[in-house]
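Listed below are the residues making up each chain.
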There are 2 protein chains.
Amino acid sequence: MATRKKNSTYSRNETIIIECDLTYAVNKIGGRWKILILSKLETQKYRFSELKKELPYITERMLTLQLRTLEEDGLVKRTVYAEVPPRVEYELTEMAKEFGPIFKQLSEWGGKHRNAIIKV
Amino acid sequence: MATRKKNSTYSRNETIIIECDLTYAVNKIGGRWKILILSKLETQKYRFSELKKELPYITERMLTLQLRTLEEDGLVKRTVYAEVPPRVEYELTEMAKEFGPIFKQLSEWGGKHRNAIIKV
DNA sequence: TGTGGTACGAACAAATATGTAACTAATGGC
DNA sequence: GCCATTAGTTACATATTTGTTCGTACCACA
């Protein structure tokens, strides 16, 4: 087999595409779980295990990964209390709270048009 | 190796999660290219080859796939003209046009907070 | 000594998303 | 007949995302 270019266009495209502010924003909230997590945190702080209960189908691994990403992206603040057993609280940052009204509109769009399709 | 459960939670989770209107909406516009395509079509109709020129880094295959998905989701209307060589035009549906103001806000969010991070 | 709760981490596996390269049908123009 | 054009399609390769399973550190408490 000839050796192939490794990982050229895939990664390059990613950086190029993110130059679009809109794509950038959607990427922050894309994926299977991020929105659900952010929605929960909109109303209150949660501990890791509480979030897990709220999202029964997520695995601990996914919850961890998503929370880490959200933290890196500045959407979630993580606070560790040095106790035993450990306690860690997650809450939205100001930046994430600005999504609030946008989420509302997106949610309305979803409700409206999903029903439209189902009814047909 | 013991045979493993095939595809249990992955697909099941997808259907469960989509019950959230917000996640449903974001899934419609998620992925690498959909937003860029929709943004182009916000201003005018485009032929396949014109879209390709506007999005130089997308491959024909990806453009086809994304347009098909957008069509299935009712966001894009595809019109084929029985000519040779063929002519196919893509335009937004009313449903997709409703994303307009939301896109604007998301884009503003992206511009604002990306710059914030870069400046740090 | 042993058990339990919390918030993870690591190794592996399955599923999906994206990219590469080559190919096609139809037909007007040469 | 031969070529160029348009809008794809097909087979394959690679990259990323998501899920499964098992394990761990800490210490209070029985």
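In this report, we go over the structure that sits alongside the text. Within each chain, residues carry numbers counting from 1 in the order of the written sequence. Throughout, the order in which chains and ligands are written sets their labels, letters from A for the former and numbers from 1 for the latter. The model is predicted, so local features are restricted to residues of pLDDT at least 70 and side-chain atom pairs to those at 80 or more, both for listing and for counting; the totals for chains, interfaces and linings are taken over all residues. In computing side-chain values, all of the structure's heavy atoms are included and hydrogens and water are not.

## Looking at the relation of the copies chain B and chain A
We superpose the copies by least squares over the C-alpha atoms of residues that have a pLDDT of at least 70 in both of them. The operation relating chain B to chain A is a screw motion whose rotation component is 180°, with 0.0 Å of axial translation and a residual RMSD of 0.0 Å. As the rotation angle and translation indicate, the two copies are arranged about a two-fold axis. Of all interface residues in chain B, 100% are interface residues in chain A too; the two copies therefore contact each other through one and the same surface. Residue contacts are defined here by distance: any two heavy atoms, one from each residue, within 4.5 Å place the two residues in contact.

## A closer look at the nonpolar core
Note on terminology: a nonpolar core comprises buried Ala, Val, Leu, Ile, Met, Phe, Trp, Tyr and Cys residues joined through side-chain atoms within 4.5 Å. For the exposure calls, accessible area comes from a 1.4 Å probe over protein chains only, and a residue counts as buried if that area is under 20% of its type's maximum, exposed if over 50%, partly exposed in between. Counting residues in each nonpolar core, the largest one holds 64 residues, and the members touching the most others are Ile37(A), Leu106(A), Ile37(B) and Leu106(B). Non-local contacts of Leu106(B), meaning those with residues more than four positions away in its chain, are made with Asp21(A), Leu22(A), Ala25(A), Val26(A), Phe99(A), Ile102(A) and Leu106(A).

## Topic: the sheet that holds strand E3 (residues 87–92) of chain A
All names here are of chain A. If DSSP finds at least two bridges between two strands, the strands pair. Every helix listed is a DSSP run of H or I at least four residues long, and every strand listed is a run of E at least two residues long, numbered separately from the N terminus. Spatial ordering of the open sheet is given by E1-E3-E2, a layout of three strands whose pairing is antiparallel. On the outer flanks of this sheet lie strand E1 (46–47) and strand E2 (76–81), each paired with one strand and no other. Sheet topology places E1 next to E3; two bridges connect them, and they run antiparallel. Paired with arginine 47 across the bridge in E3 is glutamate 89. Packing of helix H3 (residues 34–43) onto the sheet brings it into contact with E1, E2 and E3, and relative to E3 it is tilted by some 90°. In this description, a line fitted to the C-alpha atoms serves as the axis of each element, helices being fitted only across the stretch in contact, and the angle between N-to-C directions of two axes falls anywhere from 0 to 180 degrees. In the packing of helix H5 (residues 60–72) onto the sheet, the strands contacted are E2 and E3, and the crossing angle to E2 comes to about 115°.

## Describing the sheet that holds strand E1 (residues 46–47) of chain B
Here we have three strands laid out as an open sheet, ordered E1-E3-E2 (chain B), and antiparallel in their pairing. With one partner strand each, in any of the chains shown, E1 and strand E2 (76–81) of chain B form the two edges of the open sheet.

## Some details on the layout of surface pockets
In this approach, a probe sized like a water molecule rolls over the atoms, and the result shows the empty space that is left. Empty space within the largest pocket amounts to approximately 650 Å³. Grid points spaced at 1 Å and placed over the protein atoms alone form the basis of the search, with a cavity being a set where a 1.4 Å probe fits but cannot get out and a pocket an open set showing protein on both sides within 12 Å along at least five of seven lines. Lining residues have an atom within 4 Å of a point. Taken together, 26 residues make up the lining of the largest pocket; nearest its centre are Gly31(A), Asn27(B), Gly30(B), Gly31(B) and Arg32(B). Looking at the lining of the largest pocket, the elements with two or more residues in it are helix H1 (9–17) and helix H2 (21–29) of chain A together with helix H1 (9–17), helix H2 (21–29) and helix H5 (60–72) of chain B. In terms of residues, the lining of the largest pocket owes the most to one element, H2(B), which gives five residues. Classification used: nonpolar for Ala, Val, Leu, Ile, Met, Phe, Trp, Tyr, Cys and Pro, charged for Asp, Glu, Lys and Arg, polar for all others including Gly. Of the residues in the lining of the largest pocket, the class split is nine nonpolar, ten polar and seven charged. Grid points are joined across faces, edges and corners, and a volume is the space filled by probe spheres set on the points.

## What about the environment of Phe103(B)?
Topologically, Phe103(B) is positioned in helix H7 (residues 100–119). The exposure class assigned to Phe103(B) is buried, which follows from its relative accessible area of 4%. Placed 14 residues apart in sequence, Phe103(B) and Glu89(B) show a C-alpha to C-alpha distance of 23 Å. Look past the residues within four positions of Phe103(B) in its chain and what remains in contact with it is Leu22(A), Ile29(B), Leu38(B) and Glu42(B).

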